[in-house]
Structure formats: structure tokens, C-alpha cells
Amino acid sequence: MESFTIRTPASSANIGPGFDVIGLALSLYLELRVTIDRSKKTSEQPLNCRITYEGEGDGDVPLDPSANLITRVALYVLRCHDQRAFPIETHVHIVNPIPLGRGLGSSGAAVVAGVMLGKQVGGLHHLDDRRLFDFCLMIERHPDNVGAALFGGFIGTYLKPLAPEDVARVEIPLSEVLPSPAGGLDTGERPPEPPHGIGHHIKFPWAKEIKAIAIIPNFEVPTAKARAVLPTEYPRQDVTFNMQRIALLPVALGQSPPDPELINLAMQDKLHQQYRQALIPGLGDIVESMSPSTQEGLLGTCLSGAGPTILALATSHFEEIAEKIISRFRKENIDCKWLLLEPAEGVKVIKQA
Ligand SMILES: Nc1ncnc2c1ncn2[C@@H]1O[C@H](COP(=O)(O)OP(=O)(O)OP(=O)(O)O)[C@@H](O)[C@H]1O
Ligand SMILES: N[C@@H](CCO)C(=O)O
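Since this is a predicted model, take the numbers as computed values, not measurements.

Here we come to the site of ligand 1. Inspection of the region around ligand 1 gives 20 residues, with Gly101, Gly105, Ser106, Ser107 and Thr223 positioned closest. Contacts to ligand 1 include Ser106, whose side-chain N or O atom sits 2.7 Å from an oxygen atom. Alone, ligand 1 offers 640 Å² of accessible surface; in the complex the protein occludes 83% of this. The pocket occupied by ligand 1, as judged from atoms lying within 2 Å of grid points, is the largest pocket. With three residues, the top contributor of residues to the shell around ligand 1 is helix α2 (residues 106-122). Partitioned by chemical class, the residues of the shell around ligand 1 number 10 nonpolar, nine polar and one charged.

Right, dumping it as C-alpha cells:
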């Protein structure tokens, strides 16, 4: 029996001004506990894979490997390498503490875990992390969450301009990259492979004193919906506003001891948060009203990813900060939970003896 665990962190994207650019891996982990019984000759499981699940999304997340996001992504990687199904007999037990659709990168973690699952079960050891990033970007098109989940830490991500023939490959409909159900549409053909070197990243320093408080409202905002409310064009002064702050942010969060006023300024945004207020009652008030001058320990607040989670960066008074944000949400009849998190390493495969 072969067994291993794939551990993938949650993440917070944007951190204010870094829309679709900046990501922070967080110490909350999606785990895939995988066993492969290679002594079996046949399997009764669809695509040779049995899925079991516990944690966030239990009961809602599909357990059919042709419908589950994680196994569909793994099948995409396998099929690009002429392997049509999982090895006989694969069992994937998913343990997921990352709340779905809350801005903590649950889908990014699922995609990264899926590409790593495909690599491991397929014996595709030549696929390095840079190549896995290409596969991730065929599925989740913005690089900030998947980049953080794959590489870990506090990172900036960017996409390479592609050759015209590669643009066509990247822009194929997602349904052709991840046929749904994956088994049903199996024509035996290879799916379109990702072009090489689509995405890149750079690691930024992170001051050891800084912790991340995630205040998580009890409702979901699907990322697609939170992107649909954004304008297609922006006033020049708003773009300049964000560029000024994004130039500061990686420096400000790397300096030890941290400068609260500089960080608070560097976390401001005009490209996405104000438009998402319509979906997240209380958001505008929370990010505008709390500052280091009025709250001890606080460095800054922002929307985490596409929301509705609020990320507050702080050096102390974590519970007090969380409670203030929770009480603001309570005025809108929204209940929340909160977590104290730290920067995390990227995806890891832990082999069991
Ligand atoms: N562990 C999982 N297993 C299977 N599917 C998952 C898993 N986690 C997330 N998903 C899929 O991803 C969807 C949530 O993705 P979405 O992009 O809307 O939010 P998010 O990734 O949590 O937030 P954000 O991108 O703002 O950080 C879920 O509804 C589900 O379809
Ligand atoms: N940068 C993305 C992150 C969410 O997945 C957004 O804000 O829409």
C-alpha cells in the first residue's frame, strides 16, 4: 500500500491594492490523504478513485471523481500525459478546514492540491513547481491565490505575455480543459496542454511580528460574482492611487519593526473593494473606520481575496481587533468567526513509510 499526504495552504489575495497580483499563504491547510493499493487488478470505483470528505463543504462538495474539483484537476494533468484514469485502487480522503467561497483561497488550494495529486499518482516527477503553476493557471486564471498556495509565503505574481499561438491555447473554454463530467466526455484525446512559463512569482519578506486575523462572515460570495461587479475601465487617478500603494506594500510589510501608519496607507485600494461593498454589507465602514491611531496593535485591514472575509494585519490585541470587526458585521445581522493565522509554506507532499 502506498500512502502520502498533500498539504496545501489557504491564502489571502490582493492585501488591499494588489488586485490579482499579491498573495499571502496562510496557516490553514487542505489535506489530501491518499492511498493507492497497487495489489488490486480491477476497480469498481469510477475512474479507479474513491473520495471521502470531512470539514468545510462536507455534504456539498461532490464525491464523484469526475465532478470533484480536486480530482478533475488531477485528471486534467494525468490526461495531458496520456493517463486516462487514477491508478487502481486510489482512495483520496479530503480534510478541508478552509471555508468555501469566503475569500481564503479554497478554490486555489483545491486546484494546487489537484495538480500535485495528478503529479504524484501519475509518477510525473519531471513536473517542477513552475510547470505545475502553468497547469493551475489553465484552471484558475488569476495567479495570486494559486501562486501563494503553490510557492508559499508573501508573493507577487505576474503573467508572461504569450506568443499568439499560446494565447489561443490559454483562451480555450474551461470546459475543454476540465471536461465535466471528466469521465463522461472521455474521447481518449489529450486535453489542450498549458503553454510553458505562463506565470511567475517573486517572494517578498514578511516581518516576523505581523500576524493575520481572518474575520469570516457566515455567508459565501462566489469569486465569479465578486468579479462581475467590477468595472471594465477605471479613472486614471484610481489606478495611480493603487500603483503608489502597491509600490509601498512589500517594503512596508517586510520592515521590522513594522511601521503601522505606513502599512495602513499601503493597504488602501480603489480598484475592487469599493465595488464589492454592494455584496458585503459593512465592508466600506470597516476598512475606512479602523486605523492604527484608533486601535492598538492594528496595522491595517482589507478585504481578503474576493471576500467576504476581512483580513486585519496586527502585532497584538488580536481578539480585541476581531471583536470590533465582528460587532460591526453584527449590526448588519451577519455572524462571523475568526482565526489567527500566520504566513505558511507552500504545498507539501508528506510520504508515509
Ligand atoms: N476542497 C474542495 N473540494 C472541492 N471543491 C472545492 C474545494 N474548495 C473549494 N472548492 C470549489 O471552489 C468553490 C469556491 O471558490 P471561490 O473562488 O468562489 O471562492 P474561494 O476560493 O473560497 O475565495 P477566493 O478566491 O476569493 O479566495 C466552491 O464552491 C467549490 O466549488
Ligand atoms: N484577485 C482575486 C482573488 C479572488 O480569487 C479577486 O480579487 O477577484
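Membership of the largest hydrophobic core comes to 76 residues, with the highest contact counts inside it found for Ile15, Leu32, Phe86, Leu117, Leu253 and Leu313. Top element by residues in this core is α2. It accounts for nine residues. Contact partners of Leu117, with chain neighbours within four places excluded, come to Ile6, Leu32, Val34, Ile70, Thr71, Ala74, Phe86 and Val92. Counting residues in hydrophobic clusters, the runner-up holds 22 residues, among them Ile280, Met290, Ala312 and Phe329.

With that out of the way, let us pick up the packing of helix α1 (residues 69-79) against helix α3 (residues 129-139). Two elements in contact, α1 and α3, have axes separated by 11 Å at closest approach and are oriented at 125°. For the element pair α1 / α3, the angle class is oblique. Once α1 is placed against α3, the crossing between them reads as right-handed. Every residue of α3 that contacts α1 at Val73, Tyr76 and Val77 is listed here: Phe135, Met138 and Ile139. By residue class, the composition of the contact of α1 with α3 is six nonpolar, no polar and no charged.

What follows is about the sheet that holds strand β8 (residues 298-303). With respect to topology, four strands assemble into an open sheet ordered β8-β9-β7-β10, the strand pairing being antiparallel. Unpaired on one side and paired on the other, β8 and β10 (336-341) mark the two borders of the sheet. Across the sheet, the axes of successive neighbouring strands diverge by a mean angle of 20°, strand direction being ignored. Of the strands in this sheet, β7 (211-217), β8, β9 (310-314) and β10 touch helix α12 (residues 318-330), which is tilted by about 25° from β7.

Turning our eyes to something else, we now look at unusual backbone geometry. For the peptide bond that leads from Ile88 to Glu89, omega is 0°, which places it in the cis range. Relative to the helices and strands, Glu89 is located in the loop between α1 and β4 (90-96). Residues other than glycine seldom take positive phi values, yet Asn14 does so here, at roughly 85°. Here Asn14 shows up in the loop between β1 (2-13) and β2 (22-36). Judged by relative accessible area, Asn14 falls into the buried class, the value being 2%. Even without glycine at this site, His317 takes up a positive phi of about 55°. One can find His317 in the loop between β9 and α12. Taking the relative accessible area as the measure of exposure, His317 reaches 29% and is therefore partly exposed.

Where α2 contacts helix α4 (residues 143-151), the axes come no closer than 8 Å and their chain directions differ by 55°. Judged by the inter-axis angle, α2 sits oblique to α4. For the crossing formed where α2 meets α4, the hand is right-handed. Residues Gly108, Ala109, Val111 and Val112 of α2 touch α4, and the partners they reach there are Asn145, Val146, Ala149 and Leu150. Classifying every residue of the contact of α2 with α4 gives six nonpolar, two polar and no charged.

Along the chain, Glu31 falls in strand β2. Of note is the side chain of Glu31, whose polar atom sits 3.0 Å from the side chain of Arg33. Residues within four places of Glu31 in sequence aside, it is in contact with Thr5, Ile6, Arg7, His93, Ile94 and Val95.

Glancing now at the UniProt feature "domain: GHMP kinase N-terminal" (unreviewed entry) in the protein. The feature "domain: GHMP kinase N-terminal" (unreviewed entry), as given by UniProt, occupies residues 68-153 in the numbering adopted here. Structurally, residues 68-153 comprises 56% helix and 8% strand, and the distance from its first C-alpha atom to its last is 27 Å.

Conventions adopted
Every chain is numbered independently, its residues counted from 1 as its sequence is written. Each chain gets a letter, beginning with A, and each ligand a number, beginning with 1, in the order they are written. Local features are withheld for residues below a pLDDT of 70 in this predicted model, meaning they are given only at 70 or higher, and side-chain atom pairs are given and counted only at 80 or more; totals for whole chains, interfaces and linings count all residues. Excluding hydrogens and water, the side-chain values take into account all heavy atoms of the structure. Nearness of a residue to a molecule or strand requires only that one of the residue's heavy atoms be within 4 Å of it. What qualifies as a polar contact is a pair of N or O atoms within 3.5 Å, subject to a donor-acceptor requirement within protein and to the restriction that residues adjacent in sequence count only when both atoms come from side chains. In short, Shrake-Rupley with a 1.4 Å probe defines the accessible areas, and a residue's cover is counted only from the protein chains shown. Each cavity reported here is a set of points on a 1 Å grid over the protein atoms alone in which a 1.4 Å probe fits but cannot get out, each pocket an open set with protein on both sides within 12 Å along at least five of seven lines, and each lining residue one with an atom within 4 Å of a point. For a molecule to be placed in a cavity or pocket, more than half of its atoms must lie within 2 Å of the grid points of that cavity or pocket. What counts as a helix is a DSSP run of H or I of at least four residues, what counts as a strand is a run of E of at least two, and both are numbered from the N terminus. Each residue receives one of three labels: charged for Asp, Glu, Lys and Arg, nonpolar for Ala, Val, Leu, Ile, Met, Phe, Trp, Tyr, Cys and Pro, and polar for the others, Gly being one of them. Remark: nonpolar core denotes a set of buried residues (Ala, Val, Leu, Ile, Met, Phe, Trp, Tyr, Cys) joined through side-chain atoms within 4.5 Å. Classification of residues uses two cut-offs on accessible area relative to the type maximum, computed with a 1.4 Å probe and protein chains only: under 20% is buried, over 50% is exposed, and between them is partly exposed. The contact criterion used is simple: two residues touch if any of their non-hydrogen atoms lie within 4.5 Å. Angles here are taken between N-to-C directions and fall from 0 to 180 degrees, while the axes themselves are lines fitted to C-alpha atoms, restricted in helices to the stretch in contact. The scheme is simple: roughly parallel for angles under 35 degrees, roughly antiparallel for over 145, roughly perpendicular for 65 to 115, oblique for anything else. What makes a crossing left-handed is the near helix being turned counterclockwise from the far one by less than a right angle; a clockwise turn instead makes it right-handed. Pairing between two strands requires that DSSP report at least two bridges joining them. UniProt positions are given in the numbering used here, feature names are shortened, and annotations may be inferred rather than shown by experiment.

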